[in-house]
Structure formats: C-alpha cells, structure tokens
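Single-letter residue listing:
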Amino acid sequence: MNRDLRTYLLGQTSSVYGATVVTFGIPLIAVGKLGATPFEVGLLTASSTVPMLFLGLLIATWTDRLRRKRPALIACDLGSAAIVALAGLYILMFDATLWLLIAVNLGLAVVGVAIESLYFSHLKSIVSDDGLMAARARLQGGEQTARVFGQGTSSPLVALSTSLVFIVDTITSVLSALALSRIRTPEVPTERPSSDKTSRWSSVFEGFRVLRENTFLRWYIAYTSLQSFVTGITRALMALLILTVIGVSEQWYSLMFIGVTAAAFSGTVIVARWCSDMDPRKLTVFTAVGMAVSVVLLPAASGPFPVAVAILIIAISTPALLSSMHNIGITTFITKAVDEDKLGRFIVTLRLVTSGATLVGALAGGILGGLISIRGGLWTGAILSLCGLFLLRPLLKSSRDGHGTDVKSEPAGQSASQS
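About the thresholds
- Residues numbered from 1 in each chain as written.
- Predicted model: local features only at pLDDT ≥ 70, side-chain atom pairs only at ≥ 80, totals over all residues.
- Heavy atoms only, no water.
- Helix = DSSP H or I, 4+ residues; strand = E, 2+ residues; numbered from the N terminus.
- Buried < 20%, exposed > 50% of the residue type's maximum accessible area, 1.4 Å probe, protein only.
- Contact = heavy atoms within 4.5 Å.
- Areas by Shrake-Rupley, 256 points an atom, 1.4 Å probe, with all protein chains shown as cover.
- Phe/Tyr/Trp six-rings, centres within 6.5 Å; stacked < 30°, edge-to-face > 60°.
- Core = buried A, V, L, I, M, F, W, Y, C linked by side-chain atoms within 4.5 Å.
- Salt bridge = Lys/Arg side-chain N within 4 Å of Asp/Glu carboxyl O.
- Expected span 1.5 Å × (residues − 1).

Asker: It is not clear to me how the overall build of the protein should be interpreted in this structure. Could you clarify?
Answerer: A count of helical and extended segments in the protein gives 17 helices and zero strands. Residue burial in the protein is summarised as follows: out of 419 residues, 49% are buried. Look at the contacts in the protein between residues 6 or more apart in sequence, and 87% of them connect residues 24 or more apart. Of the roughly 19000 Å² that the protein leaves accessible, carbon and sulfur atoms contribute 67%.

Asker: Sorry, what's going on with the packing of aromatic side chains here?
Answerer: In this description, a pair of aromatic rings is defined by centroid distance and the angle of the planes. Applying the stated criterion to the full structure yields six aromatic pairs. For the ring pair Tyr8 and Tyr119, a centre distance of 6.1 Å and an interplane angle of 35° mean the geometry is tilted. Of this pair, Tyr8 sits in helix α1 (residues 3-33) while Tyr119 sits in helix α5 (residues 98-123), and the two are 111 residues apart along the sequence. Tyr119 shares its class with Tyr8; the two are buried. When the centroid spacing of 6.3 Å and the interplanar angle of 50° are considered together, the rings of Tyr220 and Tyr223 count as tilted. Of the two residues, Tyr220 and Tyr223 both sit in helix α10 (residues 215-246), three residues apart, roughly one turn of that helix. There is no split in this pair, since Tyr220 and Tyr223 are both buried. Here a set of aromatic residues connected by ring pairs shows up, and it is made of Tyr8, Tyr119 and Phe120.

Asker: In this structure, what is going on with the environment of Val230? I would like to understand it.
Answerer: Along the polypeptide, Val230 turns up in helix α10. Owing to a relative accessible area of 2%, Val230 belongs among the buried residues under this scheme. As for Val230 and Leu384, which are separated by 154 residues in sequence, their C-alpha atoms are 7.1 Å apart. If we skip the residues at most four places from it in the chain, Val230 touches Val295, Gly381, Leu384 and Ser385.

Asker: Just to check I follow, could you spell out the nonpolar core for this structure?
Answerer: A general feature of soluble globular proteins is that nonpolar side chains tend to end up buried together. Counting residues in hydrophobic clusters, the biggest one holds 51 residues, and the most contacted among them are Tyr8, Leu123, Leu217 and Ile334. Per-element tally for this core: the top contributor is α5, with seven residues. Excluding residues within four positions of it along the chain, Tyr8 makes contact with Leu73, Tyr119, His122, Leu123, Ile126, Leu139, Leu180 and Ile183. Ranked by size, the runner-up nonpolar core spans 22 residues in total, among them Ile29, Ile102, Leu108 and Val168.

Asker: For this particular structure, what's the right way to read the pattern of salt bridges?
Answerer: Oppositely charged side chains can pair when the atoms bearing their charge come close. Counted by the stated rule, this structure contains eight salt bridges. Salt-bridge contacts for Arg281 lead to Asp279; the nearest nitrogen and oxygen are separated by 3.6 Å. Of the residues examined, Asp279 reaches a relative accessible area of 18% and is grouped as buried.

Asker: Looking at this model, I keep getting lost on helix α15 (residues 340-372). Mind explaining?
Answerer: Side chains that are three or four residues apart share a direction in an α-helix, a result of its 3.6 residues per turn. The end-to-end C-alpha separation of α15 is 47 Å, in line with the 48 Å expected for 33 residues at 1.5 Å each. Within two residues after α15, Ser373 carries a phi angle of roughly 100°, on the positive side.

Asker: Even after reading the chapter, I still don't get the environment of Cys387, so can you show me in this structure?
Answerer: Note that Cys387 resides in helix α16 (residues 374-387). Relative accessible area serves as the criterion here: at 42%, Cys387 is assigned to the partly exposed category. Sequence separation between Cys387 and Ala292 is 95 residues, and the spatial gap between their C-alpha atoms is 8.6 Å.

By themselves, these are just geometric observations and shouldn't be taken as functional.
Right, here's the structure in full:
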C-alpha cells in the first residue's frame, strides 16, 4: 500500500468503528434505558433507512456533480461528528429521548448516503485501476475488523454512560476527516456538468440508464435482486429455524455467528493475497455461483443435534466468506466500468433495488413460514436461489470472453455474448 492508501485506511477504519458503536448503541439505549416498545424500536429502525429510500438518488446526483470528492467526504465526516457531538451534549445536559435517537439516525443516514455515493469515486483518485481490487480488499478487511470491535465495545460503553457512544463516534469521525486531509495525492477535478434544470431532474435516474446500457450489469442486477429476495426470506426464518426447530439455546445462538465474522475476514484475505490480479467479473460470477448453491445448506441442517449444529455453522459461514469475496469483485468492476460522473447514482440505485427486494423477501418469508412451515419456507428460498444460476449464464459467458474490465457503458440492446 502507498502512503495515501494507508492514511485512507486509517481514516476509514476509525470512522467505521465509531459508526458501528453508535449503530449498535442506539437500540441498546432505546430498549435498556428508555424501555422502548416494539413499535418504537421499529420506528427507530425505519428512521435509518428512510433517507436512502426517499433522498438517495437526489443526494447521489448532487455528489456526482461535485468536481472534487475529497472536500465533500471531509465535510461529511465533520457533519457526522457535529450530529453525534450535539446528541451527546444534549444527553449530558438533559437525558436521552426516543425522538433524539430518531433524529440522530435520520441525520447520520443522510450523511451515510452521501459518503457511500462518494466513496468509490474518491478511491479512484488515490489508487490506479490495476490496484483497485487489492485496495478494496485491504479497506474491506479494515472495515470488518472495526465492525467486530465496534460490536464488542458498544454494550460496555452504553453501560458506562449513555453519552459515551456519541463521544466515541465524534472522536473517530474527526480522526477520519483529519486522515482525509492528510492525503497528498492531488484530486484531479472532473468536468463541470451542464446546469440545465431539465437535464438535472432527468439525470437523477442515470443509474438506471447505466443498467440498461451495460449488459454485464443488467444481468447482474437481475441476479442480485433475486438473491436479495432470497436473503430476505432467510433473514426472516433463520433465527426461528435455529432456535425453535433445531433447538439451539439463545447463548449459543450468538456465539455461532462469531464464525461469520471470521469467514468474512478470511474471504477478504483470500482476495488480497491470491485474487488481486483476477478479472473482477470472474471473481464476481464464480462467487455468485457458490453463494447461490450455499443457500441449500441452511434448510438441509438436520439429524442428530451435533450434526445439525455443525451444518448450521457451515451454512451461515460459507455465504459470509463468499459474499465478502463477491463484494470486492463486483465493487471493483463497477468502479472501473461506470463513468465517474455516474458512479454515485449507480451505487445508490443498486442499493435501492437490493434493499427493496430484501424487504419484500422478508415479508414473503414470514408468510411462507406460517403457511408451509419454517423449513419449507427456507427450501422455497433455496430453490429460487438455484433458479438464479440461469441468470448467471450470460455473466459467465461475458467473463470468459476476456474483454477488459474498464469497459464503459455499452450501446443498449447489445447481447450478453458481445459484452
């Protein structure tokens, strides 16, 4: 890693740690300190997704039009620091309230959308195209480590003082801003886009146009939408399968997911050490095949209790390992394939589509679990996941053609074999 990437990694790791402390700390404060009802917890959870659903494309359109991304990222870090600092100060002077926590969630979610739409464009300013996959692997590894420590320390921090989680996030956000300001590589400004108001409103949906024009991404969005739907089914029924059908205790339930974190980190290390020179499309497709097949393991967990638990651990760890590798592959390809002035809008568009599919899948999972049983609902999801393999055939053909990954948007209607 060069000096600037190490500096960026330090800032990102710091920022993710603080954000994780707050993300996990807020529900603990709401339930443990304020005695929030299930409806209030649901309202609190929804407040963190509303900005993405209603403001995501508008924010991404604004960030794509910025000539320089780094000053905006620094402003986002300082804005995040201001939000949590004010919240911590209010709690010290008065006390925590549900509406304060909702306001914090809304504010941080708005900043988070902006950061997500700026992240990949800015990364290209300090890393060459050849080094993007290795850089993404190292950054993702740092972020995963930060999340583990954030999850582990949020509860003790809340127990010590309700305001402490906000103080920690204030410090880490400022550290992230300082790290960004220390990057030496000058950021080359992009061309200023047209100021025509009609084109501005039309350009909000530029991410969908990228999907229409790029064959690989068009087929990929079809696959990932189906897999997100299956993920929603799995999330709705997995805990019920483990706790009620298999009979794992609540204490062991949480311990089982330690393997998930270890598997995800292992996937990052594998890419960083052995796959950094691989065509990101091939990494995306091959891991997608593994992810689609691995869904079968969860409903198949049965037999004597030790055997069933062993299968469960494999069933939840294998997708984590593969999805960690998959995420590096697809984000590297997207960063190379999508024009920089459209990148933020495309990332947000992808998030909107997958989040919507996951939400619908979760609702479907609840219905299926009630109609045909928990395991039956999971088998339905597994069958749908295997059907998604047919959507990967054009992607596999495209990845074998040997074309470079820096191809920009293609003419609409081009066949998969020509991509």
